[in-house]
Structure formats: C-alpha cells, structure tokens
Amino acid sequence: MSGLPRLEDLGSLQGRSVLVRVDFNVPLSHGIDGTAEISDDLRIRAALPTLRWLLQQGANVNACTHLGRPQGVPEQRFSVTPLRQRLAELAPGVELLENLRFNPGETANDPAFVTELVAGHDIYVNDAFGASHRAHASIVGPPQFLASASGRLLAREVEVLSGLRDAPRRPFVAVLGGAKVSDKLGVIDALLEMVDALVIGGAMCFTFLAAQGHRVGASLYEDSMVQHCKQLLNGDTVIHLPEDLTVLGPGGVLGDPDAGGEVRQVGADVPDGWIGTDIGPGSAAAFSDVICSAGTVLWNGPMGVFEDPRFGGGTGAVAAAMAETRAFTVVGGGDSAAAARHFGVDRDMDHVSTGGGATLELIEKGDLPGLAALRDSTTKNSTTRDS
Ligand code: ADP
Ligand code: MG
C-alpha cells in the first residue's frame, strides 16, 4: 500500500501557507515552579526534514501538535511554549500553534474546529505518524479541504511498515514482549499470519507459559487470555517461549534494588510468591540465535523490566542481536525504542518507528485513518499524479 500524495506532488510552494500536523508529543519534566522541560526531543528532530524542506521551498510553515492529555481546555502545564523554544533553535521560521487538545473539537473531530484549523492555509502536510491512527480533527479534517501530502517521516514509516506486510525478506521473525497480551492481541493475531516465527518474552510470556501448563507464581499474567494463547500455540506458526527465567523473590520491589528481595535463575516455572521479571540467559541466547538467522525482524516490547538494571539482561541480549544480525531490523513501540536507545543500538537498526499505537495498528490493519484521509484528498490537489 502507498498511493499517498508526496511533498513533491504539491507543486510550487513559494509564498504559500502550509499547515503541518506534527507529533511533538514529547516527554516533559516539570520543575516545582511548574516550568516544563523537554526530556527527549527525538520527535521534534524527526520532523525536521519535512519542516526544513518546506522552508527551503519558500513556504510559510505553521506546525500544529497535541501535547499530553489536556481535557479540551487550556492548561499551563501542557502549553507548547517549551516546544516553540526548541523549534526556534532547530527550524527557525516555523510557527507552532497552541496545543490542539486545548480545544475539545480536536479529539471530537468537530467540523467547526477543522474550519478554524484550515483557515488561512493553502496546503496541509501530515507528518504526525504517531497520531495517524486517530480520527481526530487535525488528522482527518484538513485533507477534505486543502491540497495535501504526506511528510518525509510519515512516508518513511508507511514504506517500511507496509513493506513488512507486503514483501518481507524471509524468514520473517517477530519478537514480542512488554506488558500485556490483551494490549497486543490484534497485532499478535495478524502477525501469526505473516511471520515464520514468533518469539515471546516480557510479561506477556507468562500467559503463554500458563497455557502450556507452567506455574507463573506472582508474575503479571492474564487469566482471561489463557484459552486464546492455547489456540495460538496449537496453530501452524512456530512460537518460541522462554525455557528459563529470571525471578524476584518475596519482598523485592521492581525498580528498587535496595529494597532487597532475592533474584534467581529458574526454568520455565516460577515459584509461588515469586515474580518473573526477565527471560533467563539461556532463552536470551536462544532468542538471539533466532534473530541472527532471520531475514527480517520486527521487535516490539522489552523482554523484561529493563528499567531495573537487575532485569535488563534479556532485553540487552535481544538489542545486541538486533544490532548484530544481517536481517532487516525494525523496532516499534515507545518502550522498545527507549530500550534500543538505552542499550545504545538505536542507530544500528534499519528503522526505529516513532509510533506506538499507530505502528501496531498499521502492521495489524495495513491502513490508518490519517493515511486514508490523505489518499482521499488527492482529488483536491491541483497537480495530477498516479497512485
Ligand atoms: P512498547 O511500548 O514497546 O509497546 P509495552 O508498553 O507493551 O512496550 O511494555 C513495556 C513495559 O513492559 C516495560 O516498561 C517493562 O518494564 C514491562 N515489562 C516487561 N517485562 C515485564 C515483566 N516480566 N513483568 C512486568 N513488566 C514487564
Ligand atoms: Mg509502552
């Protein structure tokens, strides 16, 4: 799938007014006096190729984004002021509208808010991949009224992620982890149709291990998902589960090594009262082998509670194998991208997706509301193109 209108399709931009939807929903840290600081500006930098290109073409560029979850009214702590300061350094000349979610019309996709947004603009560009799974006003509204195109970041995301669905180099392996099976059920089902093997770690492995009859102790696990996991394990696709685990004993606290609690290596059964916190070293080696003999690897979800240094071994090993393998490597998911950076391998990946929910939904469904809106807008453009 693509057929998305591109920046080059927009014709001359000299003196034209362009509304660019970006995803600057960056993590902020707040001082006691209420001032906010950007703790990671990756999402701002990711939009620079599009913003700078538009400036070079002589366009007047107005960017817009949501930030955090204000409930449709202005709130000082969600103001885009710190973003404006950073943007003024990185792409001087680009204006940034105030937080879209200060207006309830954004999430409600209110036509009146769309009218307000497009007023005074000639052209719309969507470079907010991470928000394109939402049918919000700024994502699906403007393409109905303005000549529209996909930005560089969005186009690259769609090219890579659609490529995984359409023509992956085989064997295609998906490595899944993270918190919950239920969060990712849709994408797991879809991936089982696409991949040659699924590798499962993280908290979600305990629901699968329980489905195999293993004891899970006090690990995170979802009783309501056990039946479904049994069916998946009986399907045609190879599913690799950990055969050893790192576990934390009673009294231990995740993220607080000083709180005590014993850490142990066990097999695939977690003792009563203990918590499974990481895959074990044997599984880390086995998973690394699968990654290193793949043609394509999609990684979503940490293998353990990597934020706690006692339980980062499995995620670190997978990160190292992702850097080592000759496979085409894609990382998706906010915490997984953070893990890739934490272990210093983000630059070794072929693609680190900037989306969370959007990444998984595009892999699962092959399309997103924001992409469909861009494709439908093609008739509004003055120039013709083949799709
Ligand atoms: P992503 O954002 O990459 O999609 P998730 O949000 O699904 O990933 O999950 C990430 C979180 O899962 C991490 O914060 C990690 O601490 C947690 N996690 C991984 N393994 C376990 C485990 N065994 N027990 C509890 N939490 C876990
Ligand atoms: Mg997450």
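In the block above lies the structure referred to throughout.
Residues numbered from 1 in each chain as written. Chains lettered and ligands numbered in written order. Predicted model: local features only at pLDDT ≥ 70, side-chain atom pairs only at ≥ 80, totals over all residues. Heavy atoms only, no water.

1. Some words on the sheet that holds strand 12 (residues 263-266)
Right, on to step 1. Across the sheet, which stays open at both edges, the three strands sit in the order 12-11-13 with antiparallel pairing between neighbours. The two strands at the open ends of the sheet, each matched to only one other strand, are strand 12 and strand 13 (275-279). In this sheet, adjacent strand axes meet at a mean angle of 35° when their direction is disregarded. (Pairing = 2+ DSSP bridges. Helix = DSSP H or I, 4+ residues; strand = E, 2+ residues; numbered from the N terminus. Axes fitted to C-alpha atoms, helices over the stretch in contact; angles between N-to-C directions.)

2. As for the nonpolar core
Side chains of a nonpolar character, in soluble globular proteins, are inclined to be buried together.
Right, on to step 1. With 60 residues, the main nonpolar core has Val-181, Ile-188, Leu-191, Leu-198, Ile-200, Leu-245 and Ile-363 as its most contacted residues.
Right, on to step 2. The leading source of residues in this core is helix 8 (residues 185-194), at seven residues.
Right, on to step 3. When we break this core down by domain, the ones giving at least three residues each are domain 1 (7-151) and domain 2 (168-365).
Right, on to step 4. The contact partners of Ile-363, leaving out residues within four places of it in the chain, are Leu-161, Leu-164, Arg-165, Val-187, Leu-191, Met-194 and Leu-298.
Right, on to step 5. With 29 residues, the next largest nonpolar core counts Ala-63, Leu-87, Leu-96 and Ile-123 among its residues. (Core = buried A, V, L, I, M, F, W, Y, C linked by side-chain atoms within 4.5 Å. Buried < 20%, exposed > 50% of the residue type's maximum accessible area, 1.4 Å probe, protein only. Domains from an automatic or database assignment. Contact = heavy atoms within 4.5 Å.)

3. Brief notes about the sheet that holds strand 9 (residues 197-200)
Right, on to step 1. Taken together, six strands build an open sheet; the order of strands is 10-9-8-14-15-16 and the sheet is parallel. Of all the strands in the sheet, just strand 10 (238-240) and strand 16 (351-352) have a single pairing partner and so form its edges.
Right, on to step 2. With three bridges connecting them, strand 9 and strand 10 associate as parallel partners. Bridged to Ala-197 within strand 10 is Val-238.

4. Section: unusual backbone geometry
Right, on to step 1. Residue Pro-171 is reached from Arg-170 by a cis peptide bond, and omega for that bond is 0°.
Right, on to step 2. Mapped onto the elements of the fold, Pro-171 is located in the loop between helix 7 (152-166) and strand 8 (172-176).
Right, on to step 3. With a phi angle near 50°, Asn-109 is a residue other than glycine that sits in the positive phi range.
Right, on to step 4. Note that Asn-109 resides in the loop between helix 4 (105-108) and helix 5 (111-118).
Right, on to step 5. Using a relative accessible area of 28% as the deciding quantity, one classes Asn-109 as partly exposed.

5. Details of the site of ligand 1
Right, on to step 1. Every one of the 19 residues lining ligand 1 counts as a neighbour, but Lys-184, Gly-276, Glu-307, Asp-335 and Ser-336 are closest to it.
Right, on to step 2. Interatomic distance of 3.2 Å between a backbone N/O atom of Ala-203 and a nitrogen atom of ligand 1.
Right, on to step 3. A distance of 3.2 Å is found between an oxygen atom of ligand 1 and a side-chain nitrogen or oxygen belonging to Asn-300.
Right, on to step 4. Taken by itself ligand 1 offers 580 Å² of open surface, and the protein chains cover 84% of this. (Near = heavy atom within 4 Å. Polar contact = N/O pair within 3.5 Å; in protein donor to acceptor, adjacent residues only side chain to side chain. Areas by Shrake-Rupley, 256 points an atom, 1.4 Å probe, with all protein chains shown as cover.)

6. What about the pairing of strand 13?
Right, on to step 1. Counting buried positions along strand 13 gives four out of five residues, so the element sits mostly inside the fold.
Right, on to step 2. Bridge count between strand 11 (residues 245-248) and strand 13: four bridges; the pairing is antiparallel. By the bridge assignment for strand 13, Leu-245 is matched with Ile-279.

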